[in-house]
Amino acid sequence: MTLRDALIQLRAFARIDGIYMALLWTLSFGSIILFPESMWGTMLAIATPFLACARLRVFRDYALDGAISLRRAYAYLWYVFFYASLIFAAIQLLYFLFLDHGTFMAMITAACNTVIQVYRAQHLPTQELTEALQTIRQTPASVLPFTFMGQNMLIGAIISLPIAAVMRRTGTPRPNVNK
């Protein structure tokens, strides 16, 4: 397999797995919006590295016959998080433009106000938190998905390295029993 073919294969698998990751994030985001008191949204978000691990294992074992280098595993995961971030940003943009009507900002404002009260009770300065809250309130809803997209890509790039290190397998490829 040429390097070009390997990159095409890697991107194709990453696009499919990016859809799975975006679905997980969408379920997490929806759970947080619909059921803010529930832990389901947080639990689904915490499942992100586990889904990434599972999908990398499928790619390694199915497409690469059980062997993958650290570099290829990292590139694969980076692409997965890249595609997932793009898809999720599009979903969030649609949500913020057509469905939100201020719900998300109200949740963020309530959470920040709670933190500010805790800071005041502890006699800590709250000026920075108040300024941050004002900045968030002034941010147009159409900008938020792109902010989250950048954060998702950065976090994805960071957590991809340890996942790739754990999931890499060098040496003689195992025979794939799924073929």
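Residues numbered from 1 in each chain as written. Predicted model: local features only at pLDDT ≥ 70, side-chain atom pairs only at ≥ 80, totals over all residues. Heavy atoms only, no water.

1. So, the packing of aromatic side chains
Definition in use: Between the rings of Phe, Tyr and Trp (Trp by its six-membered ring), a pair exists once the centres lie within 6.5 Å; its type follows the angle of the planes, with under 30 degrees stacked, over 60 edge-to-face, and the other angles tilted. Secondary structure elements are taken from DSSP: a helix is a run of H or I of four residues or more, a strand is a run of E of two residues or more, and numbering for both begins at the N terminus. For every residue, the accessible area (1.4 Å probe, protein chains only) is compared with the maximum for its type, and the residue is labelled buried under 20%, exposed over 50%, or partly exposed between those bounds.
Enumeration over the complete set of coordinates arrives at 16 aromatic pairs. Between Phe29 and Phe88 the ring centres are 6.0 Å apart and the planes differ by 85°, which places this aromatic pair in the edge-to-face class. Of this pair, Phe29 sits in helix H1 (residues 3-34) while Phe88 is found in helix H4 (residues 70-98), placing the two residues 59 residues apart along the sequence. What makes Phe29 buried here is its relative accessible area of 14%.

2. Considering the environment of Leu27
As for its position among the elements, Leu27 is in helix H1. In this structure Leu27 comes out as exposed when scored by relative accessible area, which is 54%. Considered as a pair, Leu27 and Leu44 are 17 residues apart in the sequence and their alpha carbons are 7.3 Å apart.

3. Remarks on the confidence of the model for the protein
The following threshold applies: One confidence number per residue, pLDDT, is output by the predictor and ranges from 0 to 100.
Chain-level statistics for the protein give a pLDDT mean of 90 and a share of 95% at 70 or above. Across the protein, the secondary-structure element scoring lowest on mean pLDDT is helix H6 (residues 127-138), at 87, and the one scoring highest is H4, at 96.

4. With respect to the pattern of salt bridges
Note the cut-off: We define a salt bridge as a side-chain nitrogen of Lys or Arg found within 4 Å of a carboxyl oxygen belonging to Asp or Glu.
Counted by the stated rule, this structure contains 3 salt bridges. In this structure, the salt-bridge partner of Arg169 is Asp61, at a minimum N-O distance of 3.8 Å. Here Arg169 is found in the segment after helix H7 (144-167), whereas its partner Asp61 is found in helix H3 (residues 48-63), with 108 residues between them in sequence. Assessed through its relative accessible area of 29%, Arg169 is described here as partly exposed. Put simply, Arg60, Asp61 and Arg169 are held in one network by salt bridges that share partners.

5. What to know about the layout of surface pockets
Rules: Site definitions follow a grid-based scheme: protein atoms alone, a 1 Å grid, a 1.4 Å probe that fits but cannot get out for cavities, and for pockets an open set with protein on both sides within 12 Å along at least five of seven lines, plus lining residues having an atom within 4 Å of a point. Grid points are joined across faces, edges and corners, and a volume is the space filled by probe spheres set on the points. Gly is put with the polar residues, along with every residue not named as nonpolar or charged; the nonpolar set is Ala, Val, Leu, Ile, Met, Phe, Trp, Tyr, Cys and Pro, and the charged set is Asp, Glu, Lys and Arg.
In this structure, the largest pocket spans a volume of roughly 360 Å³. When residues of the lining of the largest pocket are traced back to their parent elements, those giving at least two are H1, helix H2 (40-46), H4 and H7. The dominant element in the lining of the largest pocket, judged by the number of residues it contributes, is H7, at 6 residues. Per-class residue counts for the lining of the largest pocket are 10 nonpolar, 8 polar and no charged. Estimated volume of the second largest pocket: approximately 230 Å³. Taken together, Leu3, Ala6, Leu7, Leu10, Leu64, Ala67, Ile68, Ser69, Arg71, Arg72 and Ala75 form the lining of the second largest pocket. Per-element tally for the lining of the second largest pocket: the top contributor is H1, with 4 residues. Looking at the lining of the second largest pocket, its residues break down into 8 nonpolar, 1 polar and 2 charged.

6. Thoughts on H3
Structural remark: α-helix, 3.6 residues per turn; residues separated by three or four positions point the same way. Where we set the bar: Each residue after the first adds 1.5 Å to the expected span of a helix.
For H3, with 16 residues, the first-to-last C-alpha span of 22 Å sits near the 22 Å given by 1.5 Å per residue. After H3 finishes, the residue Asp65 shows a positive phi value of roughly 55°.

7. Looking at the nonpolar core
Quick note on the threshold: We define a nonpolar core as any set of buried Ala, Val, Leu, Ile, Met, Phe, Trp, Tyr and Cys residues linked to one another through side-chain atoms lying within 4.5 Å. Contacts were defined at the residue level, with two residues in contact if any of their heavy atoms lie within 4.5 Å.
Counting 32 residues, the largest nonpolar core has Met21, Leu56, Phe59 and Tyr76 as its most contacted members. Residues within four places of Leu56 in sequence aside, it is in contact with Ile68, Ala73, Tyr76, Leu77, Ile163, Ala164 and Met167.

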